[in-house]
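Chain by chain, the residues run as shown.
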Amino acid sequence: MVNVTVFGAAGRMGQRLVALTASDPELNLSGAVDWEGSPAQGKDAGTVAGVDALGVTIGSDIAGVLGGTDVVIDFSATQVVVDNAKTVVGAGKKLVIGTTGLSDDEKAELTALADSGGHIVFAPNMSVGVNLLFKLAGETAKILGSDYNIEIVEMHHNLKKDAPSGTAERLGEVVAEARGLSYANDTAHGREGLIGERPVDEIGMHSLRGGDVVGDHTVIFATNGERIELTHKASSRDTFAKGALRAAKFINTADPGMYDMAEVLGL
Ligand code: NAD
């Protein structure tokens, strides 16, 4: 049995993580944490998630819940992820991070924590389908080469705070690496005005926001005479939550280090 604490337990993802942890015979919900100002403070995590009461109250004291925890799953807020990770790893607990929007410096801090003995799975998208898309996009970029212009389009619900999505950034990194380009230097985020012809070695990034879209990602490879589009559409947050629970089971028995979902899924 793996004891799991959810950070961001009252959020859209957190509620599904709580509900699916409760129905998984290999997992036990040992703690639930959310922002101290959340209206869910003091309420039962199961009730907030819309399932039966679980006897686990949502609180804000991170260090206080870690005693009985094997793995923390963090789907909370970008600005607190690194501090949360320091507390969790410092307490000798294992960590799955799904929260997105981290800067390169923040990602480097997480890597340093893993290098110093922490156990971390960090992935901007935990669905099996998207992780297959990462692999296919990289291989397609390599096979097609520089004759094909690459554009990445993502669409999410109107409450999403960061752009482009962490998944779109990861897709950008994968195709940039496959083409010998740099995601940091060779991407164009949206286009406006008299910008001239499209450079060959440019990756276009485009973020659409609206309604309740859970998460759509398309990588377009366009050349004269044809184009290929690889698309993934998520229709339920459970696809991410199930992946996160799979990651929790994986990291519980893994050696120290930083892992992504490809390693969790054996892709
Ligand atoms: P949300 O806003 O619905 O939920 C976030 C929750 O975190 C809220 O309840 C908020 O009160 C809480 N929170 C804020 N500060 C906190 C703190 N200091 N400690 C604990 N909890 C805190 O957002 P969401 O849609 O559930 O997404 C959460 C994050 O997960 C986002 O970064 C999103 O991009 C990411 N996400 C990742 C994946 C993936 O597969 N990796 C999938 C979906 C969403």
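Residues numbered from 1 in each chain as written. Predicted model: local features only at pLDDT ≥ 70, side-chain atom pairs only at ≥ 80, totals over all residues. Heavy atoms only, no water.

**A closer look at the overall build of the chain**
Piece 1. A count of helices and strands for the chain gives 10 helices and 12 strands.
Piece 2. Against the 2.2 N^0.38 benchmark of 18 Å for 267 residues, the chain shows a C-alpha radius of gyration of 19 Å, consistent with a compact globule.
Piece 3. Expressed as lengths along the three principal axes of its C-alpha atoms, the size of the chain is roughly 60 × 40 × 30 Å.
Piece 4. A buried classification covers 48% of the 267 residues belonging to the chain.
Piece 5. Element-wise, carbon and sulfur atoms account for 49% of the exposed surface of the chain, whose accessible area totals about 12500 Å².
Piece 6. Each charge class in the chain can be summarised by its mean position, and for the 22 positive and 36 negative side chains these summaries are 4 Å apart. (Helix = DSSP H or I, 4+ residues; strand = E, 2+ residues; numbered from the N terminus. Rg over C-alpha atoms; globule rule 2.2 N^0.38 Å. Buried < 20%, exposed > 50% of the residue type's maximum accessible area, 1.4 Å probe, protein only. Areas by Shrake-Rupley, 256 points an atom, 1.4 Å probe, with all protein chains shown as cover. Lys, Arg positive; Asp, Glu negative; His and termini not counted. Charge placed at Lys NZ, Arg CZ, Asp CG, Glu CD.)

**What to know about the layout of surface pockets**
Piece 1. There is about 1100 Å³ of room inside the largest pocket.
Piece 2. Forming the boundary of the largest pocket are 37 residues, of which Arg12, Phe75, Ser76, Ala77 and Thr99 lie nearest the centre.
Piece 3. Mapped by element, the contributors of at least two residues to the lining of the largest pocket are α1 (12-22) and α7 (166-178).
Piece 4. Classifying every residue of the lining of the largest pocket gives 13 nonpolar, 17 polar and seven charged.
Piece 5. The computed volume of the second largest pocket comes to approximately 700 Å³.
Piece 6. What lines the second largest pocket is a set of 29 residues, among which Phe134, Arg170, Glu173, Val174 and Asp260 lie closest to the centre.
Piece 7. Among the secondary structure elements, those contributing two or more residues to the lining of the second largest pocket are α5 (104-115), α6 (128-144), α7, β12 (257-259) and α10 (261-265).
Piece 8. A total of seven residues in the lining of the second largest pocket trace back to one element, the largest contributor, which is α7. (1 Å grid on protein atoms, 1.4 Å probe; cavity = no way out; pocket = protein on both sides within 12 Å on 5 of 7 lines; lining within 4 Å. Points joined across faces, edges and corners; volume = space filled by probe spheres on them. Nonpolar A, V, L, I, M, F, W, Y, C, P; charged D, E, K, R; others polar.)

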